[in-house]
Amino acid sequence: MPGPETSQRGLARVLVVGAGAMGSQIAMVFALAGHDVILQDITESGLATARNQLEERMDATVAKGRMTAGTARQALNRLTCTTDLGEAASSADFVIEAATEKLAIKQHIFAELDRLAPPHAILATNSSTLGSSKVAKVTRRPGQVCNVHFFNPALVMKCVEVVRHPETTQATVDTVMELVRTIGKQPVLLSREIPGFVANRLMGVLRDEALSLLDAGIASTEDIDTAAKTALGHPMGPFELMDLVGIDVNCMIAEATYAETGNPTDLPHPMIREMYEAGRLGRKSGKGWYDYETPQDDRIHKTGTTL
Ligand code: CAA
């Protein structure tokens, strides 16, 4: 883990907009790398939940002997939470937006950030489906806008996709690539925008095949997940991964991808939509493809199309 001295000169102050699962862990990644971080969200309750989860996560890391209590405390002390976007943006060198995957919301945030953040600040979006050109166009600094896409759980996953849009300057790309390296992540550069970028496109192929095998009654969710883990060496099976990412997030990503491509095969799979509408959102709601409310051995297994 990089220490405070490694935080990239000139990008010391980081603002993360959106305190959900992604935004909160992204904020912690930067704080652990020595940056002063402000985590902004529209609700105090969302910020309190994020702070509690991060504190628990840091406590667990310390308990496992992976980090000293002092390092964890210093990093948490570098992380400030606020609902005030104006105050948060006014001193930011680097902003990463991790709000809901809805274009209108993101454009509103970027217009505000452009107005409130210092002229030198780079504005990035964590979106995996919306190319940054769509938010860059509401700013007066399109050259300083790009996608910087982390993976769930952001504290653990090494990869960060950096995606330039036609107007992103080379200086912005170089600065962001270096920034990603200094926070201990592995940047992957995409030379142009494409919905889903690289990793989600790869994951999508596996997920769609898993859903069609389940739909056809060929194998259960658990057996498909077991095959992915024990035959292919994946850390999680596709159904476990959908539960981790969130069925709602899967649904929103599919809808945003369809809005981009107009390709009906990009729409949420009917089983995913049905689960979303039934509130079976995965780990976050206690039930998804698996049941997280009952002991591990009693998890509900699904076969066929019955939900
Ligand atoms: N948040 C933060 N840290 C977590 C975590 C979480 N939700 N879950 C596990 N961890 C940490 C653990 O604390 C542990 O840390 P230490 O090594 O310091 O002990 C480490 O991860 C390993 O955890 P476990 O031993 O409990 O379990 P595991 O070995 O099965 O790993 C996992 C868990 C890291 C999630 C692993 O299963 C994995 O890599 N799964 C695949 C995740 C993946 O594919 N993510 C990409 C999703 S797609 C996406 O995010 C893009 C998008 O746009 C939707």
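Residues numbered from 1 in each chain as written. Predicted model: local features only at pLDDT ≥ 70, side-chain atom pairs only at ≥ 80, totals over all residues. Heavy atoms only, no water.

1. Some remarks on the site of the ligand
- In the neighbourhood of the ligand, 18 residues make up the surrounding shell, with Gln25, Lys64, Arg66, His149 and Asn152 lying closest.
- Arg57 places a polar side-chain atom, nitrogen or oxygen, 3.4 Å from a nitrogen atom of the ligand.
- At a separation of 2.6 Å, an oxygen atom of the ligand approaches a polar side-chain atom of Lys64.
- The protein chains hide 68% of the 1000 Å² of surface that the ligand would expose on its own.
- Contributions of two or more residues to the shell around the ligand are made by helix H8 (199-215) and helix H10 (238-245).
- The residue inventory of the shell around the ligand, partitioned by class, reads 10 nonpolar, 5 polar and 3 charged.
- Counting the residues that make up the shell around the ligand, at least three belong to each of domain 1 (7-190) and domain 2 (200-297). (Near = heavy atom within 4 Å. Polar contact = N/O pair within 3.5 Å; in protein donor to acceptor, adjacent residues only side chain to side chain. Areas by Shrake-Rupley, 256 points an atom, 1.4 Å probe, with all protein chains shown as cover. Helix = DSSP H or I, 4+ residues; strand = E, 2+ residues; numbered from the N terminus. Nonpolar A, V, L, I, M, F, W, Y, C, P; charged D, E, K, R; others polar. Domains from an automatic or database assignment.)

2. Here we look at the pairing of strand S2 (residues 36-40)
- For S2, the buried fraction is high: 4 of the 5 residues fall into the buried class.
- Here strand S1 (residues 13-17) runs beside S2; their pairing, made up of 5 bridges, is parallel. Bridging from a neighbouring strand, Val14 pairs with Val37 of S2.
- Viewed along the sheet, the connection from S1 through helix H1 (residues 21-32) into S2 turns out right-handed.
- Of the pairings in the sheet, the one linking S2 to strand S3 (residues 79-82) comprises 4 bridges and is parallel in character. The residue of S3 that forms the bridge with Val37 is Leu79. (Buried < 20%, exposed > 50% of the residue type's maximum accessible area, 1.4 Å probe, protein only. Pairing = 2+ DSSP bridges. Right-handed = clockwise from strand over helix to strand, strands pointing away.)

3. A word on helix H12 (residues 270-277)
- Taken as a whole, H12 has its buried residues at Met271, Ile272 and Met275. Projection of H12 onto a plane perpendicular to its axis shows the buried side chains occupying an angular sector of 100°, all on one side. Exposed residues on H12 whose side chains face more than 90 degrees from its buried face are Pro270 and Glu277.
- Buried positions along H12 lie against H8, H10 and helix H11 (247-261).
- One or two positions beyond H12, positive phi appears at Gly279, with a value near 75°. (Arc of directions from axis to C-beta. Contact = heavy atoms within 4.5 Å.)

4. Considerations on the nonpolar core
- Core analysis: the biggest nonpolar cluster contains 40 residues, and Met28, Phe30, Phe94, Val148 and Phe150 have the highest contact counts within it.
- In terms of residue count, the dominant contributor to this core is H1 (8 residues).
- Setting aside residues up to four positions removed in sequence, Phe94 forms contacts with Leu11, Arg13, Val14, Leu15, Phe30, Ile122, Ala124, Val148, Val176 and Leu179. (Core = buried A, V, L, I, M, F, W, Y, C linked by side-chain atoms within 4.5 Å.)

5. A look at the sheet that holds strand S5 (residues 122-125)
- Read from one edge of the open sheet, 8 strands run S3-S2-S1-S4-S5-S6-S7-S8, paired in mixed fashion. Strands with a single pairing partner mark the edges of an open sheet, and in this sheet they are S3 and strand S8 (186-190). Looking at each pair of strands side by side, their axes are set apart by 25° on average, direction ignored.
- Strands S1, strand S4 (94-97), S5 and strand S6 (145-149) of the sheet are contacted by helix H5 (residues 103-116), whose axis makes an angle of about 170° with S5. (Axes fitted to C-alpha atoms, helices over the stretch in contact; angles between N-to-C directions.)

6. Some thoughts on the pattern of salt bridges
- As enumerated under the stated definition, the model contains 15 salt bridges in all.
- The shortest N-O distance in the salt bridge between Arg207 and Asp208 comes to 3.2 Å.
- According to the relative accessible area criterion, Arg207 is partly exposed, its value standing at 23%.
- Taking the relative accessible area as the measure of exposure, Asp208 reaches 39% and is therefore partly exposed.
- Taken together, the shared-partner salt bridges connect Glu97, Glu101 and Lys106 into one network. (Salt bridge = Lys/Arg side-chain N within 4 Å of Asp/Glu carboxyl O.)

7. Examining the environment of Ala199
- Summarising the element assignment, Ala199 is placed in helix H8.
- Remark: the alpha-carbon pair of Ala199 and Cys159, spanning 40 residues in sequence, is separated by 9.1 Å.
- The contact partners of Ala199, leaving out residues within four places of it in the chain, are Phe151 and Glu161.

8. A short note on the packing of aromatic side chains
- This structure, assessed with the given rule, holds 3 aromatic pairs.
- Here the aromatic rings of Phe30 and Phe94 are separated by 5.9 Å at their centres, their planes lie at 40°, and the arrangement is tilted. With Phe30 in helix H1 and Phe94 in strand S4, this residue pair connects regions lying 64 residues apart in the sequence. The pair formed by Phe30 and Phe94 is uniform in burial state, with each residue classed as buried. (Phe/Tyr/Trp six-rings, centres within 6.5 Å; stacked < 30°, edge-to-face > 60°.)

9. Focus: the domain arrangement of the chain
- The domain boundaries assigned to the chain delineate domain 1 (7-190) and domain 2 (200-297).
- Placing a centre on the C-alpha atoms of domain 1 and another on those of domain 2 gives a separation of 26 Å.
- Taken together, the contacts link 12 residues of domain 1 with 8 residues of domain 2.
- Buried surface at the junction of domain 1 and domain 2, summed over both partners, amounts to about 750 Å²; 57% is from carbon and sulfur atoms.
- Considering only the surface of domain 1 that becomes buried against domain 2, Glu101, Thr129 and Asn152 emerge as the three largest contributors, covering 52% of it.
- Our count for the domain 1 to domain 2 interface comes out at 1 salt bridge.
- In this structure, Lys134 and Glu260 form a salt bridge, with 3.2 Å as the shortest nitrogen-oxygen distance.
- At the boundary of domain 1 with domain 2, the tally comes to 2 residue pairs in polar contact (both at pLDDT 80 or more).
- Each residue belonging to the side of domain 1 that touches domain 2 can be placed in one class, and the counts come to 3 nonpolar, 6 polar and 3 charged. (Buried area = accessible area lost by both parts, 1.4 Å probe.)

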